[in-house]
Amino acid sequence: KKELLYESASYHSVVFVGYDNSGVPKYANLRGTRSGFKGEAPGSDKRFAFQLVPESPDGIVHVFESAIDLLSYATMVQLEGGSWQEESLLSLGGISKDLTTGKLPLALDYYLKENKVENILLHLDNDTAGRNATKNLRQMLKGSYAVQECPPHHGKDVNDQLKHMLGLNREAEDY
């Protein structure tokens, strides 16, 4: 309905679309449904990575490594009786190599410049890259924002946590 999700015709990958402030698509993240493929469409601008933001943001932004984790979080909020439509949810489109050089990921940097934010909740992965990214982001954002670590309680990422919540702990090949 909002033209945020598509299926690619040739490979049946999921396509997550990010838009600029004028409603023009500027970013497309692709994820395989039949394989572990992950990538971005050529010419994608990470400043406009996939996000779900209400009309009136409340100063809190939830940050995820991937669009799948963002949507998994929204699903968990809904299953627990909450309203994900009232929350600002931002995907980074992957962990940025810029974090090791002291630069914020483009999507987060742009979001913070364009929105009034007081609190940042980091829902990054429970792997080495995710934990290091969380540590680096907390250091970079210290003093400017209240930053909270919200790693998944089960599994490597938020999608694993959702699968655990639903009792879907088997691998895709098992279905």
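None of the values given here were measured: they were computed from a predicted structure.

J.: So what's going on with unusual backbone geometry? Residues and values would help.
T.: A positive phi is found at Glu-3, a non-glycine position, where the angle reads about 60°. Inspection of the secondary structure assignment puts Glu-3 in the segment before strand 1 (5-7). One non-glycine residue, His-12, adopts positive backbone phi at about 60°. Within the secondary structure, His-12 is located in the loop between strand 1 and strand 2 (14-19).

J.: Describe the sheet that holds strand 3 (residues 25-31), with residues and values.
T.: Ordered in space as 1-2-3-4, the four strands form an open sheet in which the pairing is antiparallel. Only two strands of the sheet have a single neighbouring strand rather than two, namely strand 1 and strand 4 (38-40). The average undirected angle you get between the axes of adjacent strands in this sheet is 25°. Relative to strand 4, strand 3 runs antiparallel, the two sharing three bridges. Its bridge partner being in strand 4, Asn-29 is matched across the sheet by Glu-40.

What counts, and where the lines are drawn
Residues numbered from 1 in each chain as written. Predicted model: local features only at pLDDT ≥ 70, side-chain atom pairs only at ≥ 80, totals over all residues. Heavy atoms only, no water. Helix = DSSP H or I, 4+ residues; strand = E, 2+ residues; numbered from the N terminus. Pairing = 2+ DSSP bridges. Axes fitted to C-alpha atoms, helices over the stretch in contact; angles between N-to-C directions.

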